[in-house]
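# Coordinate analysis (summary)
Letter by letter, the chains look like this.
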Amino acid sequence: MALGQNKRSFSWKILIVTLFGCTLALSKHSRSGEEMRNCLLNPPYLPPTVINTTERLNALRQEMQKVNIRAYIIPATDAHLGTRDGRRAWMTGFTGSSGTAVVTLTKAALWTDSRYWMQAERQMDCNWELQKIFTVSSTVGWLVNETAPGEATGFDPFLFSIDNWESYSSEMAESGRTLVSIATNLVDLIWKEQKPPPSAEIYRLHDAFIGRTWQEKVSEIRNQMKRHSQKPTAVLLSALDGTAWLFNLRGKDIPYNPYFYAYTLLGIDFIRLFVNESRITPQIHEYLQTNCTGPLCVQLQDYGHVRESVRDYTKGNVKVWIGKEYTSYGLYEVIPKEKLFTDTFSPVMITKAVKNSEEQELMRQAHIRDAVAVIQYLVWLEKKVPEGKVDERSGARYVEELRMRQIHCDGPSFDTISASGLNAALPHYRPSDEVNRKLSVNEIYLIDSGGQYMDGTTDITRTLHWGTPSVFEKEAYTRVLIGNIALTTLVFPSGASGINLESFARQALWKAGLNFGHGTGHGIGNFLAVHEWPVGFRANNIPMTKGMFTSIEPGYYHDGYFGIRIEDVVLVVEAQTEHTFGGQPYLTFEAVSLVPYDRNLINKSMLSDEQIQYLDKRYETIRKIMGPELKRQKMEEEHDWMMRNTEPFSQGTVAVASMIILIASLSAQALL
């Protein structure tokens, strides 16, 4: 009896501890905005940001059985290897730009990188496993465990780049599994509410916003074809920004990017543009000279017929030049291999990456007006945040509104990242109806935003604190700033690869055992992509060349507390060096972003004299350029704010040094 009572007492204790643990778990979710799923609870805890995918998975599995496949791969990409179509997001509920889903007849899994792990836990239900090693080998390894030898895994060939297909195909073959190309996308068969194809009119850029006519660009690419040892007879363009750049045309098919759905087959003596012709106005017909037959006359063909047209073209004595990075396997597989010349990037992509002097000046002008909007925003925040009147979403909307007031602005260049406190620890966090923190003077705030202007694309990140930051917050911010300065001021040989330079942005963080998990920077276009491939600091980027624009954006993210990122857009320019070893000029970067950093977060004692001199010179440039522009736009308050926040850092250093000298002098006199 006593033993029985002890057992009951012990059981009650277990129950109380269990309930208390569950309460703690739920309260933890509540304190952090109820953003994290917990599939270990019974029933599972699912935050309001989650989409129920059970019916979608059941419907997809029925379609998989019809075509006799065991598994189906769903990338985030569309037919142009962008992310507009959103099939993977619809299937999983996860909206991050990077990631691949795989569905078998019994399981479902998502692979994404560290930037999006927390976002995935917020958005996916418990039908999905989150895989944190985002590689082809990891995905194939999982498929091998979930399928038997000889069983088929299906994929849409238009959603795979050539390189991606080769990686999957070779690894699947080694394991005795089969990869099957299925031209009809299975998600499309079950997604009844999918958006119709875009139908808005395509428009041309005004002459004031172009650095080269489309005829000059065509001539330039054809000259490269003629000089090439492979003697290609045509270049096939699949990337949307390639066609938009080539013809100086723009559209509104992709959120935040002024593209339109099209392919181009550019031959030595012909041009074919594959597009929905109903979108081409009479003015664009005339602009493209579509009614003639010469080598500078554009033949319009239906967008949906590109695969058949390319197949028919390759029946002749021809050779097609493609870039593997942005050509889908769906086009690659219809070209006989002896008629094909593949390079990593198309010549259009390489040529587009290097801006001429006119294009560089256009970008500079766009960044001046963009800086006006951002400075307006920072002044507004300084007044409104202490009043408790700003949250993440209202802040994001307001900075976008301020940009739209500037001439030639066509909207934001990406979905604004507006993150306060612990949300800033998520590098690609976006506020939503369910998760939207109030900005506070006691927390760090990170704003990463950009604009699409007719003359250029912008992207800038500033991290702010209006109260008293902790010692560690100031240290982390200053180390990130030092990394930004170190890479921006670096002098390097012509043709150096970004991957060999980017560690300079991490050195100050590494010294303290800190780091960041995303790339150090990306290319940026002229009213094109805010992430313009193939410029940047990754291993598969092209070497740095004079005339390229890239971002430099080191950061640090302390999970559950705060995040820091400092991002500027820079131009690759010639460096002024005493010598020129090898006869080639050395290169460096010139910052074109014109917004000062948050002085409240800088620990000046950590900066070297050289770094302080750089900041002073940079701020002098900001004053010289932004002072007249703010005055011209009659923004006196913003002008005064800019002047206060660009005061030389060296003034304080000089004052302290003078005081030390004075004290030493007085002490010496006293001793005498």
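Small disclaimer: the values here were computed from a predicted structure and weren't measured.

## A look at the pattern of salt bridges
As enumerated under the stated definition, the model contains 35 salt bridges in all. Notably, a salt bridge pairs K252 with D410, separated by 3.2 Å at the nearest N-O pair. Separated by 158 residues along the polypeptide, K252 in the loop between β9 (249-250) and β10 (263-267) and D410 in strand β15 (residues 409-412) bring together distant segments of the chain. According to the relative accessible area criterion, K252 is exposed, its value standing at 53%. Through salt bridges with shared partners, one network takes in D241, K352, K355 and E532.

## Brief notes about the pairing of strand β27 (residues 587-591)
Counting buried positions over the five residues of β27 gives four, a clear majority of the element. Here strand β26 (residues 568-574) runs beside β27; their pairing, made up of five bridges, is antiparallel. Bridging across to β27, V570 finds its partner in A591.

## Details of the sheet that holds strand β8 (residues 234-237)
Strand order in the open sheet formed by six strands is β12-β11-β10-β8-β13-β14, with mixed pairing between adjacent strands. The open sheet has two edge strands, β12 (298-301) and β14 (340-343), and neither has a second partner. Adjacent strand axes in the sheet meet at a mean angle of 20 degrees when their direction is disregarded. Pairing of β10 with strand β11 (residues 271-274) involves four bridges; the strand directions are antiparallel. Residue pairing across strands places T264 opposite L273, the latter belonging to β11. Each of β8, β10, β11, β12 and β13 (320-323) is contacted by helix α8 (residues 214-227), which is oriented at about 60 degrees to β10, the strand it contacts most. With respect to the sheet, helix α11 (residues 306-313) is in contact with β8, β10, β11, β12 and β13, its orientation differing from that of β11 by roughly 155 degrees.

## Notes on helix α19 (residues 636-644)
Residues of α19 that are buried: E638, H639, W641 and M642. For α19, the arc enclosing every buried residue in end-on projection is 165 degrees, short of the 170-degree limit, so these residues lie on one face. Each element contacted by the buried residues of α19 is listed here: α14 (357-384) and α18 (609-632).

Definitions and limits used
- Residues numbered from 1 in each chain as written.
- Predicted model: local features only at pLDDT ≥ 70, side-chain atom pairs only at ≥ 80, totals over all residues.
- Heavy atoms only, no water.
- Salt bridge = Lys/Arg side-chain N within 4 Å of Asp/Glu carboxyl O.
- Helix = DSSP H or I, 4+ residues; strand = E, 2+ residues; numbered from the N terminus.
- Buried < 20%, exposed > 50% of the residue type's maximum accessible area, 1.4 Å probe, protein only.
- Pairing = 2+ DSSP bridges.
- Axes fitted to C-alpha atoms, helices over the stretch in contact; angles between N-to-C directions.
- Contact = heavy atoms within 4.5 Å.
- Arc of directions from axis to C-beta.

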